[in-house]
Protein chains: 2
Amino acid sequence: MDIISCGEILIDMISKTYESSLRNVKDYEVHIGGSPSNIAINLSKQGFKSSIISKIGNDFFGRFIKENLEKNGVETSLLSVDENVNTDIVFVLKSKKSPDFYPYRSATLNMIDHNLPRTKIFHFSFWALSTEKNLKNTIKILNESKNAFIGFDPNYRKILDKTNKSIIDILKTILPKVNIIKPSEDDAESIFGKMNTKDYIKKFHELGAKNIILTLGKDGYIISNGKKEKKYTSYAKEVIDTTGAGDAFWSGFYIGILNNLNIFEASKLGNAFSAEKIKKVGAVIDLKSYKEIAKEYEIGGIL
Amino acid sequence: MDIISCGEILIDMISKTYESSLRNVKDYEVHIGGSPSNIAINLSKQGFKSSIISKIGNDFFGRFIKENLEKNGVETSLLSVDENVNTDIVFVLKSKKSPDFYPYRSATLNMIDHNLPRTKIFHFSFWALSTEKNLKNTIKILNESKNAFIGFDPNYRKILDKTNKSIIDILKTILPKVNIIKPSEDDAESIFGKMNTKDYIKKFHELGAKNIILTLGKDGYIISNGKKEKKYTSYAKEVIDTTGAGDAFWSGFYIGILNNLNIFEASKLGNAFSAEKIKKVGAVIDLKSYKEIAKEYEIGGIL
């Protein structure tokens, strides 16, 4: 396998209108959601082999998700279907900023039933750490992962955390086992409170992070390996819809890693994927091939 | 208290369009749902004291429901708010017949924390029997209920039943403790399979039911006390929206009981409430006062 992705595979119920609070929403639209599935689909569409570790209920939402993954070529033998749970739903307030959300969690409370098969990349999000059982099973996977490159999306929000540990203690355990984390400023603020970007980078390194990409929205990103730190501006010129931009970044970045780029060069392919995604509406869209994108954005080292 | 109502207090997510399956629904509308809350609100609007036994999550849907009940004068001290659960949701396919539905249950899996306070009527639905804990606590309430008149809505569907007992065994335990049950033909079919109406009545009596109202949609209803059986045609002439018609029937019926009518006379007030409800759109609507309705439909014995 090229990549195995683990975390929230779910239904987003997105408000049809812009409202100040979910409390006022009258109408919702059904979308397939979850960053790990977006990444798995993006990689599959670019010709790589992707698989997913997560859990769904044996319900119409679960079947809808599984069919969609399979239609997009994602391997689903590690996606458990459980009679006794419901497929997770997240109610999301349509917003031009970081949207308000409320999770209905059932399947993802205990979603990791498998050992880690051989894979070049293992990607996981905070949902894979968000209960005692998930945390234990993810640590087990990380300890088994041997030669895989490991990426972690620390999309922590307090409402998701059902462990009895602090997020700082969880990160101390996890980060030394991870090759790279890619927090947004919102993620970093959820974890450490309001700080400047320099301090966020410092904090993550102190907790054991080897490599960090701190994304800054329209201002690009900072990448640090603890010795060298570089800031890149965003390649995006035309902004139509930022939904899934972070997942597109991960996707380009991982394709760079699969092509043996170093993390700095790979991040440029991530930047390019993100810029391409932002031009169109939707969390997962059809992109040009990564080779064309690498050529267009002059990213060296892609075969 | 005049009536305490126990069962599903929840959010109905109703499809915006008519579809063949929930699988195809793209848009949903948020509604406050649950037959027990419709009945409690109807009684409160008619000037009676109503209260609810159920459970909601400490989430935006739960707060929405609680505010709505309180705005309508329903007493909510027995409505538990639990941090560790989500407010129940039912996804419902908009339909002109009996609608397809899928429940997301969390709060109502264990919703009965209280003893039964003094009340003239106790009403409950199958949801109050649908897990081992609910079943145990409802039996305890029924054993405590002393002089209350007890009505049971056997809205059984297999998908709701999370006990390890058969519905027949559950009914054998429950029905001797109940004054009246009001199944629809769909309810009876879910319980016994397809039969004719005579056999449904016989089956319910055999399981211990004292009094039965079997509703037949536009064809009215049959009421039986085991000795006497009577069929009534529906009072409805103008049909705009049948949502909540069954709850309106219960509401009129209970107001008859609170006015010391016998079950046959009380059922006529139920019939009249149902006919009035059907003229307007919505599960809970503003009705004329029950005294006016009793006068209009020539139901004797109302003060």
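Described in the following lines is the structure provided in the data block. Being a predicted model, the structure only gives us computed values, none of them experimental.

1. A look at the packing of helix 1 (residues 35-45) of chain B against helix 7 (residues 245-258) of chain B
All names here are of chain B. Where helix 1 contacts helix 7, the two axes come as close as 9 Å, and the packing angle between them is 50 degrees. Classified by the angle between their axes, helix 1 and helix 7 sit oblique to one another. The hand of the helix 1/helix 7 crossing is right-handed. Taken together, the residues of helix 7 that come into contact with helix 1 (itself represented by Ser 35, Asn 38, Ile 39, Asn 42 and Leu 43) are Asp 247, Ala 248, Trp 250, Ser 251, Tyr 254, Ile 255 and Leu 258. Its residues assigned to classes, the contact of helix 1 with helix 7 comprises 7 nonpolar, 4 polar and 1 charged.

2. Thoughts on the environment of Ser 44 of chain A
Residue and element names in this part refer to chain A. When you line up the elements, Ser 44 lands in helix 1 (residues 35-45). Ser 44 gets classed as buried once you look at its relative accessible area, which sits at 14%. Considering only alpha carbons, one finds Ser 44 and Tyr 18, 26 residues apart in sequence, at a separation of 33 Å. Beyond its immediate stretch of four places on either side in the chain, Ser 44 contacts Ser 50, Asn 72, Gly 73 and Val 74. At a separation of 3.5 Å, a polar atom in the side chain of Ser 44 contacts the main-chain carbonyl oxygen of Gly 73.

3. Thoughts on the environment of Ile 213 of chain B
All names here are of chain B. Here Ile 213 lies in strand 11 (residues 211-215). Among the residues examined, Ile 213 registers a relative accessible area of 1% and is labelled buried. Note: C-alpha distance between Ile 213 and Lys 231 (18 residues apart in sequence) is 9.6 Å. Not counting residues within four places of it along the chain, the set of residues in contact with Ile 213 comprises Ile 180, Ile 181, Lys 182, Pro 183, Tyr 221, Ile 222, Ile 223, Phe 249, Phe 253 and Ser 267.

4. Digging into the interface of chain A and chain B
Contacts between chain A and chain B engage 24 residues on the former and 24 residues on the latter. Sorting the residues of chain A by area buried against chain B places Arg 23, Phe 60 and Tyr 104 of chain A first, and these three jointly supply 32% of that buried surface. The interface formed by chain A and chain B contains 4 salt bridges. On the surface where chain A and chain B come into contact, there are 10 residue pairs in polar contact (both at pLDDT 80 or more). Only strand 3 (27-33), helix 2 (60-71), strand 6 (89-92) and strand 7 (101-104) of chain A provide two or more residues apiece to the side of chain A that touches chain B. In the side of chain A that touches chain B, the residues fall into 13 nonpolar, 3 polar and 8 charged. Here 3 bridges tie strand 3 of chain A to strand 3 (residues 27-33) of chain B, and the two strands are oriented antiparallel to one another. Opposite Asp 27 of chain A, over in strand 3 of chain B, you have Glu 29 of chain B as the bridge partner.

5. Focus: the sheet that holds strand 12 (residues 221-224) of chain B
Backbone hydrogen bonds are what pair the strands of a sheet, in a parallel or an antiparallel way. All names here are of chain B. Taken in spatial order, the 9 strands line up as 5-4-1-8-9-10-11-12-13 in an open sheet, and their pairing is mixed. The open sheet has two edge strands, strand 5 (79-82) and strand 13 (229-232), and neither has a second partner. Where strand 4 (residues 50-57) and strand 5 come together, 4 bridges link them in parallel fashion. By the bridge assignment, Ser 54 is partnered in strand 5 with Leu 79. Those strands touched by helix 8 (residues 263-278) are strand 9 (149-153), strand 10 (180-181), strand 11, strand 12 and strand 13, and its axis lies near 160 degrees from that of strand 12.

6. Notes on helix 2 of chain A
Residue and element names in this part refer to chain A. For helix 2, which comprises 12 residues, the first-to-last C-alpha distance of 16 Å matches the rise-based estimate of 16 Å (1.5 Å per residue) to within 8%. Those residues of helix 2 that sit buried are Phe 60, Phe 61, Gly 62, Phe 64, Ile 65, Asn 68 and Leu 69. Of the residues one or two after helix 2, Gly 73 is the one with positive phi, at around 85 degrees.

7. Concerning the sheet that holds strand 2 (residues 10-15) of chain A
Read across the sheet, 8 strands follow the order 7(A)-6(A)-2(A)-3(A)-3(B)-2(B)-6(B)-7(B) without closing on themselves; strand pairing throughout is mixed. Across the chains shown, the open sheet's two edge strands, defined by having one partner strand only, are strand 7 of chain A together with strand 7 (101-104) of chain B. If you compare each strand with its neighbour and ignore which way they point, the axes differ by 30 degrees on average. Relative to strand 6 of chain A, strand 2 of chain A runs parallel, the two being bridged by 4 bridges. For Ile 11 of chain A, the partnering residue across the bridge sits in strand 6 of chain A and is Ile 89 of chain A.

8. Things to note about the nonpolar core
Note that soluble globular proteins tend to have their nonpolar side chains buried in a common cluster. Membership of the largest hydrophobic core comes to 46 residues, with the highest contact counts inside it found for Met 13, Tyr 28 and Phe 91 of chain A together with Met 13, Tyr 28 and Phe 91 of chain B. Excluding anything up to four places from it in sequence, Phe 91 of chain A contacts Met 13, Leu 22, Tyr 28, Asp 100, Phe 101, Tyr 102 and Tyr 104 of chain A together with Met 13, Phe 60, Phe 61 and Ile 89 of chain B.

9. Focus on the environment of Val 284 of chain A
One can find Val 284 of chain A in the loop between helix 8 (263-278) and helix 9 (290-296). With 40 residues separating them in the primary sequence, Val 284 of chain A and Gly 244 of chain A have C-alpha atoms 6.6 Å apart.

10. Looking at the relation of the copies chain A and chain B
Here the two chain copies are tied together by a rotation about an axis and a shift along that axis. Aligned on chain B, chain A shows an RMSD of 0.0 Å; the corresponding rotation is 180 degrees and the shift along the axis is 0.0 Å. On this basis, the relationship between the two copies can be described by a two-fold rotation axis. For chain A, the minimum C-alpha distance to the rotation axis belongs to Tyr 28 of chain A and amounts to 2.6 Å. When you check the interface residues of chain A against chain B, 100% turn up at the interface there too, and the contact is symmetric in its surfaces.

11. Focus on the pattern of salt bridges
Pairs can form between side chains of opposite charge once their charged atoms are near each other. With the rule as written, the count across this model stands at 38 salt bridges over all chains. Where Asp 27 of chain B meets Lys 16 of chain A, a salt bridge forms, and the shortest distance between an N and an O atom there is 3.0 Å. In this pair, Asp 27 of chain B is assigned in strand 3 and Lys 16 of chain A in the loop between strand 2 and strand 3, connecting two distinct chains. Connected via shared salt-bridge partners are Glu 276, Lys 279, Lys 288 and Glu 296 of chain A.

Rules behind the numbers
- Residues numbered from 1 in each chain as written.
- Chains lettered and ligands numbered in written order.
- Predicted model: local features only at pLDDT ≥ 70, side-chain atom pairs only at ≥ 80, totals over all residues.
- Heavy atoms only, no water.
- Axes fitted to C-alpha atoms, helices over the stretch in contact; angles between N-to-C directions.
- Helix = DSSP H or I, 4+ residues; strand = E, 2+ residues; numbered from the N terminus.
- Parallel < 35°, antiparallel > 145°, perpendicular 65-115°, else oblique.
- Left-handed = near helix turned anticlockwise from the far one by under 90°.
- Contact = heavy atoms within 4.5 Å.
- Nonpolar A, V, L, I, M, F, W, Y, C, P; charged D, E, K, R; others polar.
- Buried < 20%, exposed > 50% of the residue type's maximum accessible area, 1.4 Å probe, protein only.
- Polar contact = N/O pair within 3.5 Å; in protein donor to acceptor, adjacent residues only side chain to side chain.
- Buried area = accessible area lost by both parts, 1.4 Å probe.
- Salt bridge = Lys/Arg side-chain N within 4 Å of Asp/Glu carboxyl O.
- Pairing = 2+ DSSP bridges.
- Expected span 1.5 Å × (residues − 1).
- Core = buried A, V, L, I, M, F, W, Y, C linked by side-chain atoms within 4.5 Å.
- Least-squares fit on C-alpha atoms with pLDDT ≥ 70 in both.

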